[in-house]
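Summary of the model geometry
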Amino acid sequence: CGEKLIMKNKLKDYVFKIDNFLNKKICEETILELKKIKWIDHQFYQEGGVKKNNLNDGELDVSCDYVSTKLEIMNKLHSGIYKYIKHVNFDWFKGWSGYSDIRFNRYFKNKRMKKHCDHIHTLFDGEIKGIPTLSIIGTLNDNYTGGELIFFDDTHIKLKAGELVIFPSNFLYPHKIKPVKQGTRYSYVSWVF
């Protein structure tokens, strides 16, 4: 009956890191522009609506503002998603409908992101219809301390500038960003549907 696919049997097998996804020049140009754009406090969605965070709760800042490298990063994401799908190698999961505009994340000293899973509701409030299937986190710098990406409370991922992580957007993949101890951490996120 043909080739038998063997599913990976550990949740960690579906957290996929791509080294050197963005080159140093794109990362540096993006950060220069990110220092000039408008940022807002990060907010989590909870059943019944968006939860407003307290000003002193330690959450990061976010921005969807335009920077000149944004389109270049967005176009490159296509190849990262394709590599992920090739990595999991499922007969039933060979494509996607689209992916969201990237959002930039900024973590000053002592800022972090609380443990959560990516049940992103705001992607589908307008004309786009679907559910998030994959989450993407890309880093733009690594000249900070702290700020590690943590999955499952015990899997620490220290990302270098230009690296990308892709993983399923569901309750089985809780993750957080530990507080930055020194410097500023810049990253971007997108969600595949």
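Up top is the structure these notes are about.
Scope of this entry: the structure provided in the associated data block. These figures come from a predicted structure and were not determined experimentally.

1. Looking at the environment of I18
Its location among the elements puts I18 in strand β1 (residues 16-18). Note: C-alpha distance between I18 and K83 (65 residues apart in sequence) is 8.6 Å. Residues contacting I18, with those up to four places away along its chain left out, are G80, K83, E163, L164 and I166.

2. With respect to the environment of H156
Inspection of the secondary structure assignment puts H156 in strand β11 (residues 155-157). Spatially, the C-alpha atom of H156 lies 9.6 Å from that of K178, the residues being 22 residues apart in sequence. When near neighbours in sequence (up to four residues on either side) are disregarded, H156 contacts L149, I150 and K178.

3. Notes on the environment of K115
Tracing the backbone shows K115 in strand β7 (residues 113-116). Taking the C-alpha atoms as reference points, K115 and P174, separated by 59 residues in sequence, lie 6.2 Å from one another. Once residues lying within four places of it in the same chain are set aside, the contact partners of K115 are D153, P174, H175 and K176. A polar contact is formed between the side chain of K115 and the side chain of D153, at a distance of 3.2 Å.

4. Considerations on the sheet that holds strand β13 (residues 175-177)
Two pairing modes exist for strands in a sheet, parallel and antiparallel, and in both the strands are linked by backbone hydrogen bonds. Here four strands make up an open sheet; going across it, the order is β7-β13-β10-β11 and the pairing antiparallel. Looking at strand neighbours, the two that pair on one side only are β7 and β11, the edges of this open sheet. Averaged over all pairs of adjacent strands, the angle between their axes in this sheet comes to 15°, without regard to strand direction. Across three bridges, strand β10 (residues 149-151) lies against β13 in antiparallel orientation. Of the residues in β13, the one forming a bridge with F151 is H175.

Procedures and definitions
- Residues numbered from 1 in each chain as written.
- Predicted model: local features only at pLDDT ≥ 70, side-chain atom pairs only at ≥ 80, totals over all residues.
- Heavy atoms only, no water.
- Helix = DSSP H or I, 4+ residues; strand = E, 2+ residues; numbered from the N terminus.
- Contact = heavy atoms within 4.5 Å.
- Polar contact = N/O pair within 3.5 Å; in protein donor to acceptor, adjacent residues only side chain to side chain.
- Pairing = 2+ DSSP bridges.
- Axes fitted to C-alpha atoms, helices over the stretch in contact; angles between N-to-C directions.

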